[in-house]
Amino acid sequence: MAHIVHAKAVKDGTVRSLNLANYLLSLCVKSQNFGYAHKLFDEIPGRDVRSWTILISGLARIGSFRMVLELFRTMLMEGVRPNQFTLSSLLRLCSSENEPKMGKGIHGWILRNGIDFDVALENSVLDFYVKCGAFHYAERLFKRRTETDTIAWNIMIGGHMRIGDVEKSLDLFSRLPFKDVASWNTIIDGLMRKGYERTALELLYQMAKNGPALNEFTFSTALVLASTLSLWELGRQIHSLVLILGIHNKGFIRTSLIDFYCKCGKMEQALVIFRKIPQVYLHSLNPIVTRDESVTEIIAWSSLISGFVYNNEYEDALQTFISMIREHIGVDRFTVTTIASVCANIGSLTLGQQIHAYNQKIGHQLDFHLGSSLVDMYSKCGSLEDARMIFKQASSPNVVLWTSMVSACALHGQGREAIRIFELMIKEGVKPNEISFTVVLSACSHAGLLEEGCNYFQLMKEVYHIKPGVEHLTCMVDLYGRAGRLDEAKEFIQRNHISNQSLILKSLLSSCRLHKNIEMGNWVSEKLLHLGSLDAGSHVLFSNSCAINHRWEEAAKMRNLMRQRGINKLPGQSWIQLKNQVHTFVMGDRSHPREAEIYSYLDELIGRLKEIGYSYTTEQVTQDVEEEQGELFLGHHSEKLAIAYGLISTPSGTPIRIMKNLRVCTDCHNFIKYASQLLGREIIVRDIRRFHHLKHGSCSCGDYW
């Protein structure tokens, strides 16, 4: 459009008109054609403050900080005095880019040069100080103002909410003389973000009853509230209302509806809304689609993908992502992060590498959000080296990225390395948070580092003043339990008054099974039974513990109790991905097309392994059967079948990677160690707890897991 008008102006000679030139410049800026805008700007004779302001404000909106700063300096050098709108744009940019030094410099320049403050400029200064953390100065400015409009009140309400002073924010809101729709939206959204969902809901009802008319942002926030509080009926009512008002296809309303139905597990309804997207928005490359429309379209696709992931429908998430690329929809960092989590969940290293390569192709910077996601993805797909590579490449690692790397080492049984990175994080001046301590305590637990774990627990409480949560306490009980210090674990539970926490008791029950302590296992089981938390996993743990100690009657009694209560044990499954196809196995599985080859090879392999020292760990059999029948049970466990298939389907010397939905048993662990020694293969197993890297007859876990 700007090109056409410009060409016409050149032809008829009106191009020299400053008003027309400024109009053309504003058209270029609105369409974000900044290359053409710069060229046109350079050709404008006698540029006035409006010319400079149009370009500066346009670049400020897209966050081009360095370019805006250079333009502002050139503007001053050429003797053009900025107006209030120019300065407001600069301050807003300093706020969004968190540039306190430059913002204060601009404020100082305004004061030194006697620029008159209008309401908009005063609000921009106030907003700058609030967002850049100089809150005390912002409060002084707010109190000094003789006239404070609703926007200023809203800035302060949002500012107090942002720093966690919910009480002050609510007090300001109650004293606000006139509450416009932005005031209500600010307080409701802030309360929701700070975890005060019920208070936010009460205010939403008040707003609907006595406040101004709800706008698009209100409806969007209300839908998030409805999904957070699992208020299905409220969400449906909001959907009906936006349909009546005819705004269901507007921007964030549509994406919020998709997100609401996804969070409620109603993917069919989410897909119906998604498929009704107007065709004009279908491609972000369409010239008649504005930038804001393109952004909301990306969010709609991202919301749908996140919904599939939230509901564990990983294949649909991947297919939607592929369609997103084929439709030329821009892929943002959030979507890449979400898809990386899919690769992590299914343990697909090949797919994860493709996602990483695609991200490099589209050019998203490896910030701490994306970096931590890729570190997590590579570590859960079994490639700790790739996780380390990402960690080293990421710019400005923060506590999230550091914690992800500590977690990666812990997951792969490298407890000492996890501690080294944790200590390096502290040395670099990065303050560990609650999750950081959960991860390092877990690393100590899985590596048997009892003294180190106890020291970190004290450090968390006494130096960083973090109150231990259930996760930290569970790690400590697990740390004592795995080390065989069951009495100390029990004493820790009683000392901290946490015998009513089922998660902690289940951890102790697992250790009772590991160390064959039936008496304490009985004590824990009774506690769990009293709490009503004796779930399938707990029943199985205690039953297996009895079986290992040959207390068959008690084991049978527990299995009968499970049947009476309708509790089903989660069946063990193992799977291996070869050539983009996943092959899944269960114990004694005969459904695979190559089952004859698999069983023949497995039986032959077990025979060869017995020659070099392998023997069945028959104490793992949880039923009172003859030894020969027990060996038959063990010989066809799901992980053995998956490994056998991997061995007959891949070239000699290549690593075998398998996943299991439960913990790998001791017998299978021994089988894999001997197989890695005999065949000279690295076999990598990810179970529900951690990775086992088995090579040359030994495992990364050091047989401590």
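Residues numbered from 1 in each chain as written. Predicted model: local features only at pLDDT ≥ 70, side-chain atom pairs only at ≥ 80, totals over all residues. Heavy atoms only, no water.

- If you look the protein up in an unreviewed UniProt entry, it shows as DYW domain containing protein from Trema orientale.

## Quick word on the overall build of the protein
- Scanning the protein from terminus to terminus reveals 37 helices and six strands.
- Per-residue burial for the protein yields a buried fraction of 49% across its 705 residues.
- Long-range contacts, defined here as pairs at least 24 residues apart, represent 62% of the contacts in the protein between residues at least 6 apart.
- When the accessible area of the protein is evaluated, it comes to approximately 34,400 Å², of which 51% is carbon and sulfur surface. (Helix = DSSP H or I, 4+ residues; strand = E, 2+ residues; numbered from the N terminus. Buried < 20%, exposed > 50% of the residue type's maximum accessible area, 1.4 Å probe, protein only. Contact = heavy atoms within 4.5 Å. Areas by Shrake-Rupley, 256 points an atom, 1.4 Å probe, with all protein chains shown as cover.)

## Some words on the packing of helix α34 (residues 595-611) against helix α36 (residues 638-649)
- Two elements in contact, α34 and α36, have axes separated by 9 Å at closest approach and are oriented at 100 degrees. Classified by the angle their axes make, α34 and α36 are roughly perpendicular. Across the interface between the two elements, Glu 597, Ile 598, Tyr 599, Tyr 601, Leu 602 and Leu 605 from α34 touch Lys 640, Leu 641, Ala 644, Tyr 645, Leu 647 and Ile 648 from α36.
- Residue composition of the contact of α34 with α36, grouped by class: ten nonpolar, no polar and two charged. (Axes fitted to C-alpha atoms, helices over the stretch in contact; angles between N-to-C directions. Parallel < 35°, antiparallel > 145°, perpendicular 65-115°, else oblique. Nonpolar A, V, L, I, M, F, W, Y, C, P; charged D, E, K, R; others polar.)

## So, the environment of Glu 216
- Relative to the helices and strands, Glu 216 resides in helix α14 (residues 216-228).
- Taking the C-alpha atoms as reference, Glu 216 lies 6.3 Å from Ile 253; in sequence the two are 37 residues apart.
- Excluding its chain neighbours within four sequence positions, the residues that come into contact with Glu 216 are Lys 250 and Ile 253.

## Side note on the pattern of salt bridges
- A full pass over the atoms with the stated rule returns 24 salt bridges.
- The salt bridge involving Asp 42 is made with Arg 47; its shortest N-O contact spans 4.0 Å.
- For Lys 673, the salt bridge is made with Asp 703, and the minimal N-O distance between the two is 2.9 Å. Taken as a pair, Lys 673 in helix α37 (residues 666-679) and Asp 703 in the segment after β6 (698-699) lie far apart in primary sequence, 30 residues in all.
- On the accessibility criterion, Lys 673 (13% relative accessible area) is buried.
- Classification of Asp 703 by relative accessible area gives partly exposed; the value is 44%. (Salt bridge = Lys/Arg side-chain N within 4 Å of Asp/Glu carboxyl O.)

## Some words on the nonpolar core
- Grouped together as the largest cluster of nonpolar side chains are 167 residues, with contacts concentrated most on Leu 87, Ile 188, Leu 508 and Val 524.
- The leading source of residues in this core is helix α24 (residues 399-411), at eight residues.
- Not counting residues within four places of it along the chain, the set of residues in contact with Ile 188 comprises Ala 200, Leu 203, Leu 204, Met 207, Thr 221 and Leu 225.
- Among the nonpolar cores identified, the runner-up in size contains 32 residues, and Ile 598, Leu 641, Leu 647 and Cys 665 belong to it. (Core = buried A, V, L, I, M, F, W, Y, C linked by side-chain atoms within 4.5 Å.)

## What to know about the packing of aromatic side chains
- Across all of its chains, the model carries 21 aromatic pairs by this definition.
- On the numbers, 5.1 Å between centres and 80 degrees between planes, the contact of Phe 422 with Tyr 456 is edge-to-face. In this pair, Phe 422 sits in helix α25 (residues 415-427) while Tyr 456 sits in helix α27 (residues 450-462), placing the two residues 34 residues apart along the sequence. There is no split in this pair, since Phe 422 and Tyr 456 are both buried.
- Taking 5.8 Å as the distance between ring centres and 65 degrees as the angle between the ring planes, the aromatic pair formed by Phe 457 and Phe 492 counts as edge-to-face. Within this pair, whereas Phe 457 is found in helix α27, its partner Phe 492 is found in helix α29 (residues 486-495), the two being separated by 35 residues in sequence. We note that Phe 457, like Phe 492, is buried.
- Members of the aromatic cluster, joined through ring pairs, are Phe 422, Phe 437, Tyr 456 and Tyr 464.
- Here the guanidinium or amino end of Lys 490 rests over the ring plane of Trp 523, the centre of that ring lying 4.4 Å away.
- Directly above the aromatic system of Tyr 599 lies the positively charged group of Arg 590, at a separation of 3.6 Å from the ring centroid. (Phe/Tyr/Trp six-rings, centres within 6.5 Å; stacked < 30°, edge-to-face > 60°. Lys NZ or Arg CZ within 6 Å of the ring centre and 35° of its normal.)

## Comments concerning the pairing of strand β1 (residues 573-578)
- Note that β1 and strand β2 (residues 581-586) share six bridges and pair antiparallel. The residue bridging Gln 577 from the neighbouring strand is Val 582, located in β2.
- If you look at the hairpin formed by β1 and β2, you'll find two residues sitting between the two strands, and Lys 579 has a positive phi there, around 50 degrees.
- Relative to strand β3 (residues 656-660), β1 runs antiparallel, the two sharing two bridges. Its bridge partner lying in β3, Ser 574 is registered against Lys 660. (Pairing = 2+ DSSP bridges.)

## Things to note about the packing of α14 against helix α15 (residues 232-245)
- For the pair α14 and α15, interaxial distance at closest approach is 9 Å and the crossing angle is 160 degrees. With respect to each other, α14 and α15 are oriented roughly antiparallel. The way α14 lies across α15 gives a crossing that is left-handed. Of the residues in α15, those touching α14 at Phe 219, Ala 222, Leu 223 and Ala 226 are Leu 234, Gly 235, Ile 238, Leu 241, Val 242 and Leu 245.
- Broken down by class, the residue content of the contact of α14 with α15 amounts to nine nonpolar, one polar and no charged. (Left-handed = near helix turned anticlockwise from the far one by under 90°.)

## Here we look at the sheet that holds strand β5 (residues 691-695)
- An order of β2-β1-β3-β4-β5-β6 is seen for the six strands of this open sheet, with the pairing classed as mixed. Either end of the sheet is taken by a strand with one partner, and the two such strands are β2 and β6.
- Here four bridges tie β3 to strand β4 (residues 683-686), and the two strands are oriented parallel to one another. Looking at β4, one finds that Ile 658 is bridged to Val 685.

## Concerning the side chain of Asn 185
- For Asn 185, the position within the fold is in helix α12 (residues 181-193).
- When near neighbours in sequence (up to four residues on either side) are disregarded, Asn 185 contacts Met 207, Asn 215, Phe 217 and Thr 218.

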